[in-house]
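Coordinates in review
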Amino acid sequence: MGFEEMWAALLPVGRDAATGGYDRFVWTPSELECRAWFLDEARARSLEVESDGNGNLFAWWYPADGRRDGAVLTGSHLDSVPGGGAFDGPLGVVSAFAAIDLLRARGVEPTRPLGVAAFAEEEGARFGIACLGSRLLSGAIDPARARALTDGAGRTFAEVAAENGVDPAGIGRDDDLLSRVGCYVELHVEQGRALAPETPVGVASAIVPHGRWRLDFTGEGNHAGTTRLIDRRDPMLPFASTVLAARAAAERHDSVATVGKVKVVPGGVNAIPSAVAAWLDSRGPDERAVRATVSDVLEHARAAGAGHGVAVELTEESYTEVVDFNLGLRDRVVKALGGAPVLPTGAGHDAGVLSAVIPTAMLFVRNPTGVSHAPAEHAETPDCLAGVEALAAVLADLVRG
């Protein structure tokens, strides 16, 4: 089955017919269907399937001599943000299988293992930590903290993992698996519109610093009709002010800041909220810019809260420092492509997390809309096929060298 057939088979899974957006959250029915698709495609190619202790999936093509070390790993993820696009994540997995088909059709015999990965909970849409599967694999997050993470229904990661065949006691860094991987190359749809009209494929230079913070505004719940304005401790007011302050802080520090998720307790139309939880995403050219932005947001939130009798607390849920992709691997990728534009990205990826423990590189396929994490996310089929060709060229070079 070629790229277009695989893509067509995966396209309907988890799609909202009304909006065109995707809801594929880890270990929900739609994401489990994506996992089943992954296993079917791996077995159709006689690849050896492996699942680590963190919910990540791997499909291996081993060389004729049975070598297990020095593997070249590719792939991406299958989960989505709420209402996300079709391409973010799945494009890299489908392209990986299609690239293997090309290598085999061209008679390439690898001297190093070649693996396709589907990392779990990359978007963090269910348990709140982005790239959770690769963070656990690489030891970038404490397993005890991961086990205690909860979803919107209050269910823990440990509980849901156990229901899906993953032993919560065994999650965490996998030194055996990491020792077998020589490098990781991830293909991804471009998230933005930096590639020139005549250039379908680019190579990543770096990922800018980025993180997520939770702001908790705690006031006093009360009746919306009988409580005088002067008697209220309404957390919604300092929260609303803080959203605007985040934009202003980002402008001051040449960064970006987004409040894209909020939880209001109790959430009644005729009740003054007792608490508001809001999640802040901030990214910037360097750590100073990001930290300064978050600091300004917190300072404003606490001052605004004090004016309304509302307490404010900040919790850092995740932070990733600037990732400069391995220069030697990046140059080798560019050379294998006969030259390609090199550009940074403001989006986080499993490749960025794994770069702390193994050499990593990334390819980007042009996105003509410039939209990502939304239904308008797109890549033209000829560009996707060019991405498969590019990935195959890179993998052919790496598995024989």
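The model shown is predicted, which means the values in this text are computed figures rather than measured ones. (Residues numbered from 1 in each chain as written. Predicted model: local features only at pLDDT ≥ 70, side-chain atom pairs only at ≥ 80, totals over all residues. Heavy atoms only, no water.)

Secondary structure summary: the protein chain contains 12 helices and 15 strands in total. Taking 401 residues into account, the globule formula puts the C-alpha radius of gyration at 21 Å, and the protein chain, at 22 Å, falls close to it. Per-residue burial over the protein chain gives 53% buried out of 401 residues. Taking the contacts inside the protein chain whose residues are at least 6 apart along the sequence as the reference set, 76% of them involve residues at least 24 apart. Counting only carbon and sulfur atoms, one obtains 53% of the accessible surface of the protein chain, whose full area is about 16,400 Å². Positive and negative side-chain charges of the protein chain, numbering 36 and 54 respectively, have mean locations separated by a distance of 2 Å. (Helix = DSSP H or I, 4+ residues; strand = E, 2+ residues; numbered from the N terminus. Rg over C-alpha atoms; globule rule 2.2 N^0.38 Å. Buried < 20%, exposed > 50% of the residue type's maximum accessible area, 1.4 Å probe, protein only. Contact = heavy atoms within 4.5 Å. Areas by Shrake-Rupley, 256 points an atom, 1.4 Å probe, with all protein chains shown as cover. Lys, Arg positive; Asp, Glu negative; His and termini not counted. Charge placed at Lys NZ, Arg CZ, Asp CG, Glu CD.)

Time to look at the packing of aromatic side chains. Scanning the model with the defined rule gives 12 aromatic pairs in all. Between Trp7 and Phe87, the ring centres sit 4.8 Å apart and the planes meet at 35°, which makes this aromatic pair tilted. Residue Trp7 is found in helix α1 (residues 3-10), and its partner Phe87 is found in the loop between β3 (71-77) and α3 (90-105); the two are separated by 80 residues along the sequence. Like Trp7, the residue Phe87 is buried in the burial classification. Consider the rings of Phe127 and Phe157, whose centres lie 5.3 Å apart with planes at 90°: the pair is edge-to-face. Residue Phe127 is found in the loop between β4 (114-119) and α4 (132-138), and its partner Phe157 is found in helix α6 (residues 157-163); the two are separated by 30 residues along the sequence. (Phe/Tyr/Trp six-rings, centres within 6.5 Å; stacked < 30°, edge-to-face > 60°.)

Packing of helix α10 (residues 327-336) against helix α12 (residues 381-399) leaves a shortest axis separation of 9 Å and a crossing angle of 120°. One way to sum up the angle between α10 and α12 is to call them oblique. For α10 against α12, the interelement crossing comes out right-handed. Contact with α10, carried on its side by Leu329, Arg332, Val333 and Ala336, involves Ala393, Val394, Asp397 and Leu398 of α12 and no other residues of that element. (Axes fitted to C-alpha atoms, helices over the stretch in contact; angles between N-to-C directions. Parallel < 35°, antiparallel > 145°, perpendicular 65-115°, else oblique. Left-handed = near helix turned anticlockwise from the far one by under 90°.)

In this section: the pattern of salt bridges. All chains considered together, the criterion is met by 23 salt bridges. Between Arg106 and Glu389 there is a salt bridge; the shortest N-O distance is 2.9 Å. Residue Arg106 is found in the loop between α3 and β4, and its partner Glu389 is found in helix α12; the two are separated by 283 residues along the sequence. In this structure Glu389 comes out as partly exposed when scored by relative accessible area, which is 37%. Of the charged contacts in the structure, one is a salt bridge between Arg332 and Asp397, with a shortest N-O distance of 2.6 Å. (Salt bridge = Lys/Arg side-chain N within 4 Å of Asp/Glu carboxyl O.)

What follows covers the layout of surface pockets. Here the largest pocket is characterised by a volume of approximately 920 Å³. What lines the largest pocket is a set of 38 residues, among which Val81, Arg212, Asp281, Arg283 and His373 lie closest to the centre. The dominant element in the lining of the largest pocket, judged by the number of residues it contributes, is strand β9 (residues 256-265), at five residues. Counted by class, the lining of the largest pocket contains 11 nonpolar, 18 polar and nine charged residues. (1 Å grid on protein atoms, 1.4 Å probe; cavity = no way out; pocket = protein on both sides within 12 Å on 5 of 7 lines; lining within 4 Å. Points joined across faces, edges and corners; volume = space filled by probe spheres on them. Nonpolar A, V, L, I, M, F, W, Y, C, P; charged D, E, K, R; others polar.)

This paragraph deals with the pairing of β3. Look at any regular strand and the pattern is simple: side chains alternate between the two faces of the sheet. Among the seven residues of β3, seven are classified as buried, and the element is accordingly described as predominantly covered. The alternating pattern of β3 places Ala71, Leu73, Gly75 and His77 and Val72, Thr74 and Ser76 on opposite faces, both of which are buried. Where β3 meets β4, six bridges bridge the pair, whose relative direction is parallel. By the bridge assignment, Thr74 is partnered in β4 with Val116. In this fold, β3 hands off to α3, which returns the chain to β4; that crossover is right-handed. (Pairing = 2+ DSSP bridges. Right-handed = clockwise from strand over helix to strand, strands pointing away.)

What follows covers unusual backbone geometry. Along the chain, Val265 connects to Pro266 via a cis peptide bond; the corresponding omega equals 5°. Its place among the elements puts Pro266 in the loop between β9 and β10 (271-272). Phi at Trp27 is positive, roughly 60°, even though this residue is not glycine. Following the sequence through the fold, Trp27 ends up in the loop between α1 and α2 (29-44). The class for Trp27 is buried, based on a relative accessible area of 7%. For Asp254, which is not a glycine, the phi torsion comes out positive at approximately 55°. Looking at the secondary structure, you find Asp254 in the loop between α8 (236-252) and β9.

A few words now on α10. Listing the buried residues of α10 in full gives Leu329, Arg330, Val333 and Val334. Summarising the axial view, the buried residues of α10 lie within an arc of 135°, below the 170-degree limit, and thus occupy one face. Two to three positions downstream of the cap, the backbone nitrogen of Gly328 sits 3.2 Å from a side-chain oxygen, assigning the N-cap of α10 to Asn326. Directly beyond the C-terminal end of α10, a positive phi value near 70° is found at Gly338. (Arc of directions from axis to C-beta. Polar contact = N/O pair within 3.5 Å; in protein donor to acceptor, adjacent residues only side chain to side chain.)

What follows deals with the sheet that holds strand β12 (residues 311-320). Reading across the sheet, the four strands line up as β9-β11-β7-β12 and stay open at both edges, with antiparallel pairing between neighbours. Each end of this open sheet is capped by a strand with a single partner; those strands are β9 and β12. Between one strand axis and the next, the sheet turns by 20° as a mean value, whatever way the strands run. As paired elements, strand β7 (residues 210-218) and strand β11 (residues 275-283) share nine bridges and run antiparallel to each other. For Arg212, the partnering residue across the bridge sits in β11 and is Asp281.

On to the nonpolar core. Where a protein is soluble and globular, its nonpolar side chains tend to be buried together. Trp37, Phe38, Leu91, Phe97 and Leu363 are the most contacted members of the largest nonpolar core, which has 55 residues in total. The greatest single-element share of this core, amounting to 10 residues, is contributed by α12. Not counting the four nearest positions on each side in its chain, Trp37 is found in contact with Met6, Ala9, Leu10, Leu78, Val93, Val94 and Phe97. If you look at the next biggest cluster of nonpolar residues, it comprises 23 residues, including Phe58, Ala71, Ala351 and Phe364. (Core = buried A, V, L, I, M, F, W, Y, C linked by side-chain atoms within 4.5 Å.)

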